[in-house]
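Each chain is listed here by its residues.
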Protein chains: 2
Amino acid sequence: MATSPVPDTGRSSDGEPARHAAGRRRGATIQDVAREAGVSRAAVSKVIRNAYGVSDQMRARVEAAIATLDYRPRVAARAMRGASFTLGLEIPQIGNDFHSVIASAATEVLAETSYQVVIAPIRDPQQGDKALQSLADRQVDGIVAVAPLVSTDWLDTLAERVPLVMVGRHDVSTRYDTVAGDDESGAEQVMEHLVELGHRRIAFLDVDRRRAAGKSYISPTGRDPHSIRRRVYHEHMGALGLAPLVVESLGHMEEDAAAAVSEILTSGPHPTAIFAGHDTLAVGALRAVAAAGLDAEDVSVAGFDDIPIASHPLISLTSVDQQGYAMGAEAVRLLLERIDGRTEAVQVQMPTSLRVRASTRPPRSVEGVRPEPGDDR
Amino acid sequence: MATSPVPDTGRSSDGEPARHAAGRRRGATIQDVAREAGVSRAAVSKVIRNAYGVSDQMRARVEAAIATLDYRPRVAARAMRGASFTLGLEIPQIGNDFHSVIASAATEVLAETSYQVVIAPIRDPQQGDKALQSLADRQVDGIVAVAPLVSTDWLDTLAERVPLVMVGRHDVSTRYDTVAGDDESGAEQVMEHLVELGHRRIAFLDVDRRRAAGKSYISPTGRDPHSIRRRVYHEHMGALGLAPLVVESLGHMEEDAAAAVSEILTSGPHPTAIFAGHDTLAVGALRAVAAAGLDAEDVSVAGFDDIPIASHPLISLTSVDQQGYAMGAEAVRLLLERIDGRTEAVQVQMPTSLRVRASTRPPRSVEGVRPEPGDDR
DNA sequence: GTGAAAGCGCTAACAC
DNA sequence: GTGTTAGCGCTTTCAC
């Protein structure tokens, strides 16, 4: 491993510096190092890979040469024969706090290994397959993807080529692993909480997936987190004899949700509580509620994921904690296991717990049980 | 470009499927495609690169073969000869909203080109050089980095190897471009605003950079955004004959800032206003203020960057908008220009404007001019 | 323990 | 217009 903190000139000891078309200097190659150290290329390769069969003396010479030339192995060249020592992380939206938490966890776990992470954002939700595919083209040694909008068959095929772990999918595949929250029980907790507070006109805020996904909309298997949360909502409403009301946002962004909620708040009687499909939508809902001059007693809002801002005292959003950080860490751990040879598929489900905060209150009209306005941090 | 949405088996038409050590199937190669189409490898290469000199007939045959085999060029192999068609984006912290905005912008601009983006998070602020270096090792065709903690010399040397654009640095290098906000005027606007409201005990909330950076602390050139903001703060306080008070957070995270601010709020007389070095710190400060049961008339808070949550009515943070999205887009544009051959360095400075919101109020003790509590969205 | 040789999959000259 | 050739920098047998 090179140690010099400054990239060197890459000038090999015995010749002119290699240059690229645009006059760019190229770094030293394994050949240069071998020459400098007076050994063969293979010997250098062994040293940098920590492989078996190098004498201490040779190792020292090679390491000195590496330091002198500030040699750095080209990942592309290594990837052609062996591994790239790179793991790909695919997240649907950069800037989504829940995804960020997962990414942070992954990055941190990987910091203890010799793997690098590259994050590939999906530029277009319809193109989840493209993004995953391009990660595979990049010859990463494994992929963690967060809830991509692709079919299980497609993933199965991809998994034949590269070790794969999915976060936020409940698929039971034999070829890749999954890590997901217990969406069923999480959603139940939300509904029970709202009902207990006395709410009856409860809306579910979801993304209009058909429009968000566009033409290549993947048929809902019913096993994705949002379908489950929505189904549980419907079941509870049905069981109580209440009329369901689904509010559909045009996208996953806060402003999309705010716009959708604004609309229902200004047109006639509105729900007294909103169960949002995830926290970013919930925060957008809060935006609309506050902008309309209303508060939690007019319209309570609950979310899912317990993103960091949810616990902010000024936001204080009731949400379902599904341990995003642990999910990300676990996903990476599973991936490393897979790279290491495991072939049986594993499904992990994280327990959920409801964090009750100030965004959910008994509706103004009802004499319900006052919750303690406790903030859990 | 292959069009089949599903990765195929990669079985070449005339032989057994290539397999990897771990029994992983490998995809078709350019050789397989050439065989299938009955042409040479070079011909296939020309077709996929859209290069000059291919007859329509041959192009059709090749494209059919590509589709049949679901051929996908290996990025690693391409990178060894030509370009990787990948741009690297280096952001200091995944999950920081300002960085996310920049990353989104970059991703969006690149979506219109044939370039892919990979994001490399810095796992350790002390290791900005490592992260950049590893992006270079990955043979990306260019790099956009957000305010890495490295010296200009180091960047100059790196820039000899790969096209480079820095965001949030005011360096004037001859070898790489910079895009930065007008930190000087932005900070002035904040200070003038706070003073005009009647504040006199104004604190500056900054990250304790020496501790955050650790041993490899890069000497402050004074040209980085935070040094400038802090200097302007000191200048204003000095000009008014006021005693400066710098509150130092242990890190860039919201909770670090909240902890630091909590401390000064509970120990004796506290400032009536806090100018935070960036919005994440400001949101953390608001957390501490709210947790202490105080509001904007007790302690006003202003930030820098105008991250999306700042405009949330429940947060309503006064902040300096430096057009993060435009910065990200501009950085990518400059990088593409550089890849295209430009060699003169360019420095872009974005204008700033203060978004006054509810988090800054006249101090309770003062009869100042009430600002309009306008929220700008 | 060490080195020579054979590729990995692709592109860029240069022949034809 | 099309095919042939020579590598890019690395890893990996397999002799020595």
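All of these numbers come straight from a predicted model, not from anything done at the bench.

Comments concerning the sheet that holds strand 10 (residues 318-321) of chain A
Backbone hydrogen bonds hold the strands of a sheet together, and the pairing may be parallel or antiparallel.
All names here are of chain A.
Next up, step 1: In space, the six strands of this open sheet follow the order 7-6-8-9-10-12, with mixed pairing throughout. Looking at the sheet topology across the chains shown, the edges are occupied by strand 7 (245-249) and strand 12 (353-355). Geometrically, the sheet is characterised by an average inter-axis angle of 25 degrees between neighbouring strands, direction not taken into account.
Next up, step 2: Bridge analysis of strand 9 (residues 300-304) against strand 10 gives three bridges, and the strand direction is parallel. For Ala302, the partnering residue across the bridge sits in strand 10 and is Thr318.
Next up, step 3: Packed onto the sheet, helix 10 (residues 225-239) meets strand 6 (202-207), strand 7, strand 8 (273-276) and strand 9 and runs at close to 160 degrees relative to strand 6.
Next up, step 4: Where helix 11 (residues 254-266) meets the sheet, its contacts fall on strand 6, strand 7 and strand 8, and the angle it forms with strand 7 comes to roughly 135 degrees.

Some points on the environment of A:Val195
Residues and elements named next belong to chain A.
Next up, step 1: Relative to the helices and strands, Val195 resides in helix 8 (residues 183-197).
Next up, step 2: Separated by 41 residues in sequence, Val195 and His236 have C-alpha atoms that sit 9.4 Å apart.
Next up, step 3: Leave out the neighbours within four places in its chain, and Val195 touches Arg200, Ile202 and Leu240.

Considering the domain arrangement of chain A
All names here are of chain A.
Next up, step 1: Parsing chain A into structural domains produces domain 1 (17-72), domain 2 (86-179 + 324-350) and domain 3 (183-317 + 357-368).
Next up, step 2: Spacing between the C-alpha centres of domain 2 and domain 3 amounts to 28 Å.
Next up, step 3: Counting residues at the interface gives 14 residues for domain 2 and 19 residues for domain 3.
Next up, step 4: Of the roughly 1,300 Å² buried where domain 2 meets domain 3, counting both sides, 56% is carbon and sulfur surface.

Structural notes on the packing of aromatic side chains
Next up, step 1: As enumerated under the stated definition, the model contains six aromatic pairs over all chains in all.
Next up, step 2: Taken together, a centroid distance of 6.1 Å and an interplanar angle of 45 degrees make the contact between B:Phe85 and B:Tyr115 tilted. Of this pair, B:Phe85 sits in the loop between helix 4 (75-81) and strand 1 (86-91) while B:Tyr115 is found in the loop between helix 5 (97-111) and strand 2 (116-121), placing the two residues 30 residues apart along the sequence.
Next up, step 3: Overall, the relative accessible area of 15% leaves B:Tyr115 in the buried class.
Next up, step 4: Taken together, the ring pairs in this structure connect A:Phe204, A:Tyr233 and A:Phe275 into an aromatic cluster.

Details of the pairing of strand 5 (residues 177-181) of chain B
All names here are of chain B.
Next up, step 1: Counting buried positions over the five residues of strand 5 gives five, a clear majority of the element.
Next up, step 2: Here strand 5 shows a buried face lined by Asp177, Val179 and Gly181 and a second buried face lined by Thr178 and Ala180.
Next up, step 3: Where strand 4 (residues 164-167) and strand 5 come together, three bridges link them in parallel fashion. Looking at strand 5, one finds that Val167 is bridged to Val179.
Next up, step 4: Bridge count between strand 5 and strand 11 (residues 347-350): four bridges; the pairing is parallel.

A closer look at the relation of the copies chain A and chain B
Next up, step 1: Relative to chain B, chain A is turned by 180 degrees and slid 0.0 Å along the rotation axis, the superposed coordinates differing by an RMSD of 0.1 Å. Classification of the inter-copy transformation places it as that of a two-fold axis.

Here we look at the packing of helix 1 (residues 30-37) of chain A against helix 3 (residues 56-69) of chain A
Residue and element names in this part refer to chain A.
Next up, step 1: Helix 3 packs onto helix 1 with a crossing angle of 120 degrees between their chain directions and a minimal axis gap of 9 Å. It follows from the interaxial angle that helix 1 and helix 3 lie oblique. Note on packing geometry: the crossing formed by helix 1 with helix 3 is right-handed. Seen from helix 1, the contacting residues are Asp32, Val33, Glu36 and Ala37; seen from helix 3, they are Arg61, Val62, Ala65, Ile66, Thr68 and Leu69.

Digging into the interface of chain A and chain B
Next up, step 1: In this complex, chain A contributes 64 residues to the contact, which on the side of chain B involves 64 residues.
Next up, step 2: Carbon and sulfur atoms make up 54% of the surface buried where chain A meets chain B, a total of about 6,100 Å² over both sides.
Next up, step 3: Counting the surface chain A buries against chain B, the share from its top three residues, A:Arg123, A:Arg161 and A:Arg287, is 13%.
Next up, step 4: Counting across the chain A and chain B interface gives two salt bridges.
Next up, step 5: Measuring nitrogen to oxygen at the nearest pair gives 2.4 Å for the salt bridge that ties B:Arg72 to A:Asp137.
Next up, step 6: One can count 17 residue pairs in polar contact (both at pLDDT 80 or more) joining chain A with chain B.
Next up, step 7: Of all the secondary structure elements, the ones that give two or more residues to the side of chain A that touches chain B are helix 4 (75-81), helix 5 (97-110), strand 2 (116-121), helix 6 (128-137), helix 7 (152-161), helix 11 and helix 12 (279-291) of chain A.

A short note on the protein's contact with DNA strand D
Next up, step 1: Within the structure, DNA strand D sits among 29 residues, and A:Ile30, A:Arg41, A:Arg49, A:Tyr71 and B:Arg81 are positioned closest to it.
Next up, step 2: Backbone atoms, meaning sugar and phosphate, make up 53% of the atoms of DNA strand D lying within 4 Å of the protein.
Next up, step 3: Here a phosphate oxygen of DNA strand D sits 2.7 Å away from a polar atom, N or O, in the side chain of A:Arg49.
Next up, step 4: Elements with a contribution of two residues or more to the surface near DNA strand D: helix 2 (41-49) and helix 4 of chain A together with helix 2 (41-49) and helix 4 of chain B.
Next up, step 5: It is helix 2 of chain A that provides the largest number of residues to the surface near DNA strand D, a total of five residues.
Next up, step 6: Counted by class, the surface near DNA strand D contains 14 nonpolar, five polar and ten charged residues.

So, the pattern of salt bridges
Where side chains of opposite charge bring their charged atoms close, a pairing between them can arise.
All names here are of chain A.
Next up, step 1: Applying the stated criterion across every chain, the model contains 44 salt bridges over all chains.
Next up, step 2: With its nearest N and O atoms 3.3 Å apart, the salt bridge here joins Glu184 to Arg231. Of this pair, Glu184 sits in helix 8 while Arg231 sits in helix 10; the two residues are 47 residues apart in sequence, bridging distant segments of the chain.
Next up, step 3: Of the residues examined, Glu184 reaches a relative accessible area of 32% and is grouped as partly exposed.
Next up, step 4: Where Arg355 meets Asp306, a salt bridge forms, and the shortest distance between an N and an O atom there is 3.9 Å. Within this pair, whereas Arg355 is found in strand 12, its partner Asp306 is found in the loop between strand 9 and strand 10, the two being separated by 49 residues in sequence.
Next up, step 5: Classification of Arg355 as partly exposed rests on a relative accessible area of 26%.
Next up, step 6: Where salt bridges share partners, they join Asp295, Glu297, Asp298, Arg361 and Arg364 into one cluster.

With respect to the sheet that holds strand 6 (residues 202-207) of chain B
Residue and element names in this part refer to chain B.
Next up, step 1: On the basis of which strands lie adjacent, the open sheet formed by six strands has the order 7-6-8-9-10-12 and mixed pairing. Each of the sheet's edge strands pairs with one partner strand only, and the pair in question is strand 7 (245-249) and strand 12 (353-355). Each strand of the sheet is rotated relative to its neighbour by a mean of 25 degrees, with strand direction disregarded.
Next up, step 2: Running at roughly 160 degrees to strand 6, helix 10 (residues 225-239) makes contact with strand 6, strand 7, strand 8 (273-276) and strand 9 (300-304) of the sheet.

Rules behind the numbers
Residues numbered from 1 in each chain as written. Chains lettered and ligands numbered in written order. Predicted model: local features only at pLDDT ≥ 70, side-chain atom pairs only at ≥ 80, totals over all residues. Heavy atoms only, no water. Pairing = 2+ DSSP bridges. Helix = DSSP H or I, 4+ residues; strand = E, 2+ residues; numbered from the N terminus. Axes fitted to C-alpha atoms, helices over the stretch in contact; angles between N-to-C directions. Contact = heavy atoms within 4.5 Å. Domains from an automatic or database assignment. Buried area = accessible area lost by both parts, 1.4 Å probe. Phe/Tyr/Trp six-rings, centres within 6.5 Å; stacked < 30°, edge-to-face > 60°. Buried < 20%, exposed > 50% of the residue type's maximum accessible area, 1.4 Å probe, protein only. Least-squares fit on C-alpha atoms with pLDDT ≥ 70 in both. Parallel < 35°, antiparallel > 145°, perpendicular 65-115°, else oblique. Left-handed = near helix turned anticlockwise from the far one by under 90°. Salt bridge = Lys/Arg side-chain N within 4 Å of Asp/Glu carboxyl O. Polar contact = N/O pair within 3.5 Å; in protein donor to acceptor, adjacent residues only side chain to side chain. Near = heavy atom within 4 Å. Nonpolar A, V, L, I, M, F, W, Y, C, P; charged D, E, K, R; others polar.

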